[in-house]
Amino acid sequence: MPTNPLSDALEPDFQTVFDALTNEQCRTVLSGLDHPMTASEIAEECDLPRSTVYRKVELMAEAGLLQKQERGREAARYSLGFDEVLVTREPGDLELSISRPSQSASEQLSELWSEVRNEADPNR
């Protein structure tokens, strides 16, 4: 039995993670993100167009590679959401596992609730 009842709900699908990791601009962002930053700060740090960064950080947040912290009307801040990504080959299939930094159950629930709110009202 899993020790974390929310772990399955927080796991992204293989293709989403793979798409993000095989994208050069996403890898540039991941390499340049050494502390929480806004999309504008990431664009400046990584020398990428801001519009590109907005698309890429949303893709990586969906893939579970970035954590998105939103505080009211302030710009969202992004930080790394993983310690390690491992792809293994099982007979006839590829398996993906993501090692994440430790989070309390309340932090995980807060993250899950934030995703639900964004899905329910994408214009907030």
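All figures in this text were calculated on a predicted structure; none of them were measured in a lab. (Residues numbered from 1 in each chain as written. Predicted model: local features only at pLDDT ≥ 70, side-chain atom pairs only at ≥ 80, totals over all residues. Heavy atoms only, no water.)

Caption draft 1: Spatial organisation of the overall build of the protein. When helices and strands are tallied, the protein shows 6 helices and 5 strands. Secondary structure elements of the protein occur, N-terminal to C-terminal, as α-α-α-β-α-α-β-β-β-β-α. When each of the 124 residues of the protein is scored for burial, the buried share is 31%. If you take every contact in the protein between residues at least 6 apart in sequence, the share linking residues at least 24 apart comes to 49%. Here the protein displays about 8,400 Å² of accessible surface, and carbon together with sulfur accounts for 48% of that area. (Helix = DSSP H or I, 4+ residues; strand = E, 2+ residues; numbered from the N terminus. Buried < 20%, exposed > 50% of the residue type's maximum accessible area, 1.4 Å probe, protein only. Contact = heavy atoms within 4.5 Å. Areas by Shrake-Rupley, 256 points an atom, 1.4 Å probe, with all protein chains shown as cover.)

Caption draft 2: Broad picture of the nonpolar core. Of all hydrophobic cores here, the largest spans 22 residues; its most connected members are I42, V53, V57, M60, L65, L66 and Y78. Secondary structure elements with two or more residues in this core: α2 (14-21), α3 (24-32), α4 (39-46) and α5 (50-62). With near-sequence residues (within four places) excluded, I42 lies in contact with V29, L33, M37, D47, V53, V57 and Y78. (Core = buried A, V, L, I, M, F, W, Y, C linked by side-chain atoms within 4.5 Å.)

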